[in-house]
Every structure is written in C-alpha cells, then in structure tokens.
Amino acid sequence: MIPLIKPDIDFDEVADDIKEVLNSGMLTSGKFVRDFEEQFAEFIGVKYALSTTSATTALHMSLVAKGISAGDEVLVSDFTFPASGNAIVQCGATPVLVDCVPGRFDIDLDDARRKISSKTKAIMVVHPFGQPVSAADLAAFSVETGLWVLEDAACAVSATSNGTQCGAIGGAACFSFHPRKILTTGEGGMITTDDNDLFNKLMILRSHGGRRQTVGFEFIENGFNYRMSELQAVLGRAQLRKINDIVAERKRISRIYIQKITDMNKVSIPLAADEESCSFQSFVVLLNKEVDRDLVVARMREQGIETMLGTYAMHAQPSFSRFGYFPGDLPSSYAAQNHSLTLPVVKGMTEPDVEFVVNNLHAAIC
Ligand SMILES: *Cc1c(COP(=O)(O)O)cnc(C)c1O
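Residues numbered from 1 in each chain as written. Predicted model: local features only at pLDDT ≥ 70, side-chain atom pairs only at ≥ 80, totals over all residues. Heavy atoms only, no water.

> Teacher, can you tell me more about the site of the ligand here?
For the ligand, the set of nearby residues contains 14 residues, the closest of which are Ala 55, Thr 56, Asp 152, Ser 176 and Lys 181. Asp 152 places a polar side-chain atom, nitrogen or oxygen, 2.8 Å from a nitrogen atom of the ligand. In the model, an oxygen atom of the ligand is placed 2.7 Å from a nitrogen or oxygen of the Ser 176 side chain. Protein contact buries 88% of the 390 Å² of open area that the ligand shows by itself. Counting only elements with at least two residues in the shell around the ligand, the list comes to α3 (55–65) and α4 (83–90). (Near = heavy atom within 4 Å. Polar contact = N/O pair within 3.5 Å; in protein donor to acceptor, adjacent residues only side chain to side chain. Areas by Shrake-Rupley, 256 points an atom, 1.4 Å probe, with all protein chains shown as cover. Helix = DSSP H or I, 4+ residues; strand = E, 2+ residues; numbered from the N terminus.)

Set out below in structure tokens:
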C-alpha cells in the first residue's frame with residue numbers, strides 16, 4: 001500500500017535526548033520546550049513562538065487572548081478541517097464562513113469583505129495544504145478593514161509568500177504538529193507572533209491563568225492547560241533541524257505530479273501561489289464534476305494507493321447547520337469538498353512510483 005503520508009522520523013536522531021529527558025525527571029515545560037520554541041521563532045522570522053498541545057488549542061487560545069467572545073463574529077475560510085471553525089465556537093463567538101476563490105482552495109477575500117458586519121472582530125485565514133495566501137493581499141485587507149488576521153498555518157510550515165514565511169504574515173499564526181502535517185511531534189502545536197502583549201497573555205493562559213509569585217502563583221485568568229511536554233519538544237527539535245530536507249522532498253515529488261498531471265483531462269491542480277512557495281503538506285487535485293470522486297478513491301485503493309478527499313466544507317457539516325448554513329451555500333468550497341482528491345506524497349517515492357499513481361488516476365477517472 002502506498003500511504004498518503006508517513007512521518008519522517010528516525011529514532012537515532014532523538015534517542016539521546018529522550019534518554020536525557022527521562023533520566024532528568026523534567027518531563028514538561030523544560031529546556032527542550034524552550035529551545036524548540038526559540039528555534040521555531042527564528043525559523044519563521046518572528047519574535048515569539050509558544051508551543052501548545054495542538055493547532056486547535058493554539059487557535060482557541062489565540063482568539064481568547066485577543067478578547068474574542070460571545071456576540072463577536074470571526075470570518076473564517078470555509079474549506080478547512082473543522083477545527084478552524086470549532087475554535088471560534090469554543091470562544092462563544094460566531095463563525096462567519098467564507099468561500100474559496102472559484103476553482104481553488106484558498107479564501108476569497110472579496111467574499112470576506114461582503115460578510116463583514118459591525119460585530120466582526122477578526123479573520124482566520126487558512127493556508128490550504130501549505131499553499132500560502134498572499135501576504136500582500138492579507139496586509140491590504142487588514143489595513144482596509146481594521147480586522148485582526150489570525151493565520152491557520154496548521155499545514156503551512158515552510159510555505160512562503162514573497163519570501164515571508166507563513167506564520168509571520170498575520171497578527172498571530174497557529175501551526176499543527178499532528179502526524180499528518182509536515183513537522184510532527186505526535187500531537188502538538190505552536191503559536192507565532194511579534195505582538196509582545198499577546199505573547200504575555202498567551203503565556204499566562206497556557207498555564208491555568210497563573211502568574212508566578214515568590215511562592216506559588218496568583219491566578220488572574222481562567223486559563224487552560226495547553227502545554228507541550230518535553231518528549232514532544234525533543235521530536236520537534238529533531239524535525240526542525242531537517243525541515244528543509246523534509247520540504248524539499250515533498251516539493252520534488254509534487255513537481256513530478258505537476259509535470260505528469262498538468263495535461264490530463266478532467267483534472268486540475270489548483271494552487272494559491274507559485275509551486276516554489278508551497279510546502280505541499282498535501283498534494284490535492286480537483287476532479288471535474290462528472291467524475292465520481294468516491295469511486296476513484298475506491299479504485300485507487302484496489303491498486304494499493306491510499307487517496308482521500310482534500311478537506312471539508314464546514315458549512316456543509318451538521319455541526320455548523322445551527323449557524324444557518326445549508327450544503328451548497330458556499331459553492332466553491334462545496335465543490336472543493338466533493339471533487340478534491342489527495343494523492344500520496346511519501347519520502348523516497350521515485351518517479352516510477354508517482355507514474356504508477358498517475359496512471360491509476362488516469363484509469364480510474366476514465
Ligand atoms: C490539522 C488542521 C487543524 C487541526 O490541527 P490539530 O493539531 O490536529 O489540532 C486545524 N486547521 C487546519 C487547516 C488543519 O489542517
């Protein structure tokens with residue numbers, strides 16, 4: 001079976017550090033977490049990086065730290081893993097779902113403009129599958145609307161827009177280190193920002209809302225426990241050391257796909273930016289509407305190839321119907337959910353491996 005994605009982790013790279021953590025008895029919030037955060041901030045090019053238990057908790061805590069609560073509205077990309085919208089709901093705020101650019105997977109900022117109300121406080125922008133949304137467009141949008149931009153950069157480690165890393169574009173950004181993502185710690189996440197006030201607030205919220213006193217803490221917020229463990233940070237540091245190799249390998253394989261699929265009938269390759277700027281957390285194509293995507297997935301599986309839909313149109317999920325949405329209300333996102341197909345990108349795939357996938361895709365759609 002060719003799997004969709006496989007973490008690039010090697011025990012020998014982490015064995016000594018794991019031993020050190022276990023022998024030290026310092027299992028959380030120690031030097032490995034601090035070092036991982038420092039290295040990550042430097043890589044992204046921001047002042048602060050704060051590790052968390054996941055991208056979902058990172059998004060939730062960022063919105064809470066920004067004071068977003070009941071009665072507020074937050075614009076959010078509709079075509080995304082539903083964690084993006086759930087984080088808004090978890091603050092008590094209302095998610096206002098924004099469609100994709102037609103035929104693509106990234107957010108349509110014109111649709112976002114139309115949906116701004118007096119209650120709108122922020123916009124959460126997803127960089128889909130590691131395709132960067134334009135930093136210039138987001139900066140212009142933020143200046144024009146006065147809205148705070150939160151990047152859902154869950155899939156976007158090492159994606160860049162005009163030389164700026166995803167994670168250094170908005171007021172803050174949230175990354176995921178789930179095994180399906182580019183850099184993994186098993187579970188885990190990171191918030192990046194240049195905003196000192198926000199960072200201080202996040203530090204307090206992450207650890208139960210406590211502020212350190214001479215003895216013990218004073219609790220000034222009803223905070224969370226969203227802290228990363230030392231063992232996760234050991235994995236994160238090892239992954240970050242070779243992130244350029246991990247991403248180069250994903251780009252190499254993706255470029256072969258692009259070469260072999262570009263002229264195929266009934267298939268398009270939507271990208272939000274030039275391919276060099278994308279990190280290709282997933283390689284996702286869009287099939288013509290007459291193709292039965294689910295049948296393609298089944299046929300590919302029979303050939304030993306794991307494929308999957310791209311991601312979800314949140315508005316079409318039952319959990320968002322109470323906000324007044326019906327499936328199909330956001331047509332581009334709905335089409336992306338129903339007609340997208342993720343193809344495997346796994347370290348070491350050769351040109352013949354990619355050709356095997358592409359040939360089977362061709363056979364499956366005909
Ligand atoms: C994976 C993902 C998340 C959730 O990440 P977790 O670390 O699993 O919480 C959120 N948003 C997007 C766009 C994702 O792809």
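> What's the story with the pattern of salt bridges in this structure? I'm lost.
A pair can form between side chains of opposite charge whenever their charged atoms are brought close. On inspection of all chains with the given rule, the structure shows 21 salt bridges. Notably, a salt bridge pairs Lys 31 with Glu 20, separated by 2.6 Å at the nearest N-O pair. You can see Lys 31 sitting in helix α2 (residues 31–44) and its partner Glu 20 sitting in helix α1 (residues 11–24), a full eleven residues away along the chain. According to the relative accessible area criterion, Glu 20 is partly exposed, its value standing at 36%. (Salt bridge = Lys/Arg side-chain N within 4 Å of Asp/Glu carboxyl O. Buried < 20%, exposed > 50% of the residue type's maximum accessible area, 1.4 Å probe, protein only.)

> Even after reading the chapter, I still don't get the side chain of Thr 342, so can you show me in this structure?
Along the chain, Thr 342 turns up in strand β14 (residues 340–343). Setting aside residues up to four positions removed in sequence, Thr 342 forms contacts with Leu 4, Ser 282, Phe 283, Val 284, Glu 306, Thr 307, Met 308, Leu 309 and Gly 310. (Contact = heavy atoms within 4.5 Å.)

> Would you explain the packing of α2 against helix α8 (residues 230–241) in this entry?
In helix packing, the relevant descriptors are the interaxial angle and the interaxial distance, both defined with respect to the helix axes. Where α2 contacts α8, the two axes come as close as 8 Å, and the packing angle between them is 35 degrees. Viewed along their axes, α2 and α8 form a crossing whose handedness is left-handed. On α8, the residues touching Lys 31, Phe 32, Val 33, Asp 35, Phe 36, Gln 39, Phe 40 and Phe 43 of α2 are Glu 230, Ala 233, Val 234, Gly 236, Arg 237 and Leu 240. Its residues placed into classes, the contact of α2 with α8 shows eight nonpolar, two polar and four charged. (Axes fitted to C-alpha atoms, helices over the stretch in contact; angles between N-to-C directions. Left-handed = near helix turned anticlockwise from the far one by under 90°. Nonpolar A, V, L, I, M, F, W, Y, C, P; charged D, E, K, R; others polar.)

> So what exactly am I meant to see when it comes to a nonpolar patch on the surface here?
Where nonpolar side chains cluster on the molecular surface, the patch consists of Leu 22, Leu 27 and Leu 231 and spans about 260 Å² of accessible area. Inspection of the secondary structure puts Leu 231 in helix α8. By relative accessible area, which is 34% here, Leu 231 ends up partly exposed. (Patch = residues over 30% accessible without salt bridge, like charges linked within 9 Å, V, L, I, M, F, W, Y side chains within 5 Å.)

> Sorry, what's going on with the packing of aromatic side chains here?
The geometry of an aromatic ring pair is captured by two quantities: the separation of the ring centres and the angle between the planes. Evaluated as defined, the whole model comprises 14 aromatic pairs. Aromatic ring contacts, followed pair by pair, group Phe 36, Phe 40, Phe 175 and Phe 177 into a single cluster. (Phe/Tyr/Trp six-rings, centres within 6.5 Å; stacked < 30°, edge-to-face > 60°.)

> Explanation requested: the sheet that holds strand β1 (residues 48–52) in the structure shown.
Remark on secondary structure: sheet strands pair via backbone hydrogen bonds, oriented parallel or antiparallel. Here seven strands make up an open sheet; going across it, the order is β1-β9-β8-β5-β4-β2-β3 and the pairing mixed. In this open sheet, the two edge strands, each paired with only one partner strand, are β1 and β3 (94–98). The mean angle between the axes of side-by-side strands here comes to 20 degrees, regardless of whether they run parallel or antiparallel. Packing against the sheet, α3 makes contact with β1, β4 (120–126), β5 (148–152), β8 (172–176) and β9 (189–193), and its axis sits at approximately 170 degrees to β5. (Pairing = 2+ DSSP bridges.)

Purely spatial values, then, with no claim about function.
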